[in-house]
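# Topology and contacts: notes
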Amino acid sequence: MPPQENQSEDDNEILGEIRRRGAPVIKTTIEIDKDLYLKMKEEVARSNSSIRDFLTNAAREKLTHEDKQLDKETSSVSTIERAIQNNTFMKKVLGVLEQEVRPPFNLALLLTKLEDLDIKPEEFSPSDLSDEFLQSLVKPVDALSGPVAAKDLMEALVQLRRG
Amino acid sequence: MFRDAIPGMDKVFQTEPPEGSVILIVGNAGTLKSAFTYNIISNDLARRPNDLSQCIFVTLEETRESLLRNIKTMGIPISERIQVSDVASFLRAMESWTSHVSDDKDYIGLILEKASRPFKIYPPYDLNPLIYPYDNKPKDKVGAKDDTDTPIMRPRTFVLDSLNAFNSIVYNNSRNIRREMASLMNKLRERAVTSFIVMEVGDLAQHKPEHFLVDGIIELGMVETERHRFKRYMKVRKMRSTRHSIEPFLLEVTGEGIKVVEELI
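Residues numbered from 1 in each chain as written. Chains lettered and ligands numbered in written order. Predicted model: local features only at pLDDT ≥ 70, side-chain atom pairs only at ≥ 80, totals over all residues.

This brings us to the overall build of chain B. Helix and strand counts for chain B stand at six helices and eleven strands. Within chain B, the proportion of its 265 residues that are buried is 38%. By sequence separation, contacts in chain B at least 24 residues apart represent 71% of the contacts at least 6 residues apart. (Helix = DSSP H or I, 4+ residues; strand = E, 2+ residues; numbered from the N terminus. Buried ≥ 20, exposed ≤ 12 C-beta atoms within 10 Å, placed from the backbone. Contact = placed C-beta atoms within 7 Å.)

In structure tokens:
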């Protein structure tokens, strides 16, 4: 097919896309890895598509995936925020941890250890503060801030467990 | 701090670098960067039994146990006034945290806090029971519970080992690594904490971005002698407001730590 005809066909498709979406399109130039480009060419030839459609679809899929991922993370975080708001004991433990570990690292540490022991944040209570759980919280603090900080933290957590 | 810190160091430095300097310790693998830095600080603290200053040594390269084992092997005295903060192990304990916390993780804030926060150490220390060693303030003015409360001492030096490992953590989480690095170094300087930033480099000429940000650069390396033996050396490439030699000096590991032997000719 002569290049001129191909160009004209492409332009028609672009105009068609503008009409379909009611939105403007722009032309752009990108630099792309040569091997990747050749693979794309093979793929579009096989599927009787075009490079432009291939890239457009790839970008849409990527953006949709990232939106979903973001929604998932936001939803997970808001669940945790609600759990903290509704759980006074969890707030106290976070407060004690904050003496040695600055936010948001204190929250990350506590949530990770809760997850390890399969404890839901909203159900976290003094009876969950087993010796094993306390050790798992204190050990990283020992690595970060030394044995005296770890000892102070252990004492404060034991105090919390006693109520 | 430098001239008396390691035997023979007075041959290299004619005057002391100012307190609060940010000093890059650079060299290839196996050139004693961590041990050399620890040795300077450990000996410096040992010479100050009464001012109770401290050092925070952030290790991202190896565990605290591994670092101290290597230091001991070289005959370098271990100081309990050097708090080795194993940040990498701390972060590893939270490997699944990314699914929990959506905020940007403030790694620089975490490390800066370590650099500036006094830490408690175990007695025995001969302290005036009415005075807190931190800024010589009375204990009740700095929030101590009572006279027997554990002493808190002021960090005098800070070590980040290494910049390469730190970059790999921050780089994965920030697009402004250069800006954040400048911010880290400026904040360390503002706090008047003398800081050692350890950095492994193959070719020093290829790693210029941090050079203009620091006050001093000490290069550690290895040279092959005429008899095909390898010897370690140190060379001060830059040290602001300090008179020093720019020649390389041979280093030797003795039963009592590292010492500067002689100028390498």
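Turning our eyes to something else, we now look at helix α1 (residues 33-46) of chain B. Between its terminal C-alpha atoms α1 of chain B stretches 20 Å, which fits the 20 Å expected from 14 residues at 1.5 Å a residue. With 13 of its 14 residues buried, α1 of chain B lies for the most part within the structure. (Expected span 1.5 Å × (residues − 1).)

Let's shift gears to the nonpolar core. Leu 109 of chain A together with Ile 25 and Ile 197 of chain B are the most contacted members of the largest nonpolar core, which totals 78 residues. The element best represented in this core is helix α5 (residues 105-116) of chain A, accounting for seven residues. Excluding anything up to four places from it in sequence, Leu 109 of chain A contacts Leu 97, Val 101, Leu 137 and Pro 140 of chain A together with Ala 93 and Met 94 of chain B. (Core = buried A, V, L, I, M, F, W, Y, C linked by C-beta atoms within 7 Å.)

Moving on, we come to the confidence of the model for chain B. Atom-level detail of predicted coordinates should not be read off regions where pLDDT is low. All names here are of chain B. When pLDDT is averaged along chain B, the result is 80, and 73% of the positions lie at 70 or above. Segment residues 123-134 is flagged for pLDDT under 50; beyond a separation of four residues in sequence, or across chains, it makes 24 contacts in the model. Scored as a complex, the prediction yields pTM 0.73 and ipTM 0.76. (pLDDT = per-residue confidence, 0-100.)

All names here are of chain A. Helix α7 (residues 147-162) packs onto helix α6 (residues 131-145) with a crossing angle of 155 degrees between their chain directions and a minimal axis gap of 7 Å. Considering the angle they form, α6 stands roughly antiparallel to α7. Here the hand of the crossing between α6 and α7 comes out right-handed. In this structure, α6 uses Leu 134, Leu 137, Val 138, Val 141, Asp 142 and Ser 145 to contact α7, whose residues at the interface are Pro 147, Ala 149, Ala 150, Leu 153, Met 154 and Leu 157. Among the residues making up the contact of α6 with α7, the classes are represented as ten nonpolar, one polar and one charged. (Axes fitted to C-alpha atoms, helices over the stretch in contact; angles between N-to-C directions. Parallel < 35°, antiparallel > 145°, perpendicular 65-115°, else oblique. Left-handed = near helix turned anticlockwise from the far one by under 90°. Nonpolar A, V, L, I, M, F, W, Y, C, P; charged D, E, K, R; others polar.)

Turning to unusual backbone geometry, a few remarks are in order. The omega torsion across Pro 103 of chain A and Pro 104 of chain A is 0 degrees, close enough to zero to call that bond cis. Structurally, Pro 104 of chain A can be placed in the loop between α4 (88-98) and α5. With an omega of 10 degrees, the peptide bond running from Asp 161 of chain B to Ser 162 of chain B counts as cis. Following the sequence through the fold, Ser 162 of chain B ends up in the loop between β6 (155-161) and α5 (163-171). Despite not being glycine, Asn 48 of chain A has its phi angle at roughly 55 degrees, a positive value. Positionally, Asn 48 of chain A belongs in the loop between α2 (34-46) and α3 (51-86). Not every positive phi belongs to a glycine, and Ser 241 of chain B is a case in point at roughly 55 degrees. Looking at where Ser 241 of chain B falls in the secondary structure, it is placed in the loop between β9 (230-239) and β10 (249-254). C-beta crowding within 10 Å serves as the criterion here: with 11 such atoms nearby, Ser 241 of chain B is assigned to the exposed category.

Another point: α7 of chain A. All names here are of chain A. With 16 residues, α7 extends 23 Å from end C-alpha to end C-alpha; this agrees with the ideal 22 Å at 1.5 Å per step. Ala 149, Ala 150 and Leu 153 are the residues of α7 that are buried. For α7, the buried positions fall inside an angular range of 95 degrees around the axis, keeping them on one side. α7 presents Glu 155, Val 158, Gln 159 and Arg 162 as exposed residues on the side facing more than 90 degrees away from its buried surface. Following α7 by one or two positions, Gly 163 adopts a phi angle in the positive range, close to 85 degrees. (Arc of directions from axis to C-beta.)

Moving on: the packing of α4 of chain A against α7 of chain A. Residue and element names in this part refer to chain A. For the pair α4 and α7, interaxial distance at closest approach is 10 Å and the crossing angle is 165 degrees. Judged by the inter-axis angle, α4 sits roughly antiparallel to α7. Between α4 and α7 lies a crossing whose hand is right-handed. On the side of α4, the interface is formed by Lys 92, Val 93 and Val 96, while α7 contributes Leu 153, Ala 156, Leu 157 and Leu 160. Partitioning the contact of α4 with α7 into residue classes produces six nonpolar, no polar and one charged.

On to the sheet that holds strand β3 (residues 82-85) of chain B, then. All names here are of chain B. Across the sheet, nine strands lie side by side as β3-β2-β6-β7-β1-β8-β9-β10-β11; this open sheet has mixed pairing. Each edge of the sheet is formed by a strand with only one pairing partner; in this case those strands are β3 and β11 (257-263). Across this sheet, the average inter-strand angle for adjacent strands is 25 degrees, counted without regard to direction. As judged from the five bridges shared by strand β1 (residues 22-27) and strand β8 (residues 216-224), these two strands associate in the parallel manner. Bridging across to β8, Leu 24 finds its partner in Ile 217. (Pairing = 2+ DSSP bridges.)

The next thing to look at is the domain arrangement of chain A. Think of interface size as the accessible area that goes away when the parts come together; that is how it is often given. All names here are of chain A. According to the domain assignment, chain A consists of domain 1 (32-86) and domain 2 (87-162). On the domain 2 side, the residues contacting the four residues of domain 1 number six residues. Residue composition of the side of domain 1 that touches domain 2, grouped by class: three nonpolar, one polar and no charged. (Domains from an automatic or database assignment.)

All names here are of chain B. Along the chain, the position of Val 261 falls in strand β11. Taking the C-alpha atoms as reference points, Val 261 and Val 12, 249 residues apart in sequence, are found 10 Å from one another. Excluding its chain neighbours within four sequence positions, the residues that come into contact with Val 261 are Gly 8, Leu 250, Leu 251 and Glu 252.

Every regular strand shows the same layout, with side chains that alternate between the two sheet faces. Residues and elements named next belong to chain B. Burial along β3 is two-sided: Ile 82 and Val 84 facing one way and Gln 83 and Ser 85 facing the other are all buried. Examined bridge by bridge, strand β2 (residues 54-59) and β3 share four bridges and lie parallel to one another. In the strand pairing of β3, Ile 56 is matched with Gln 83.

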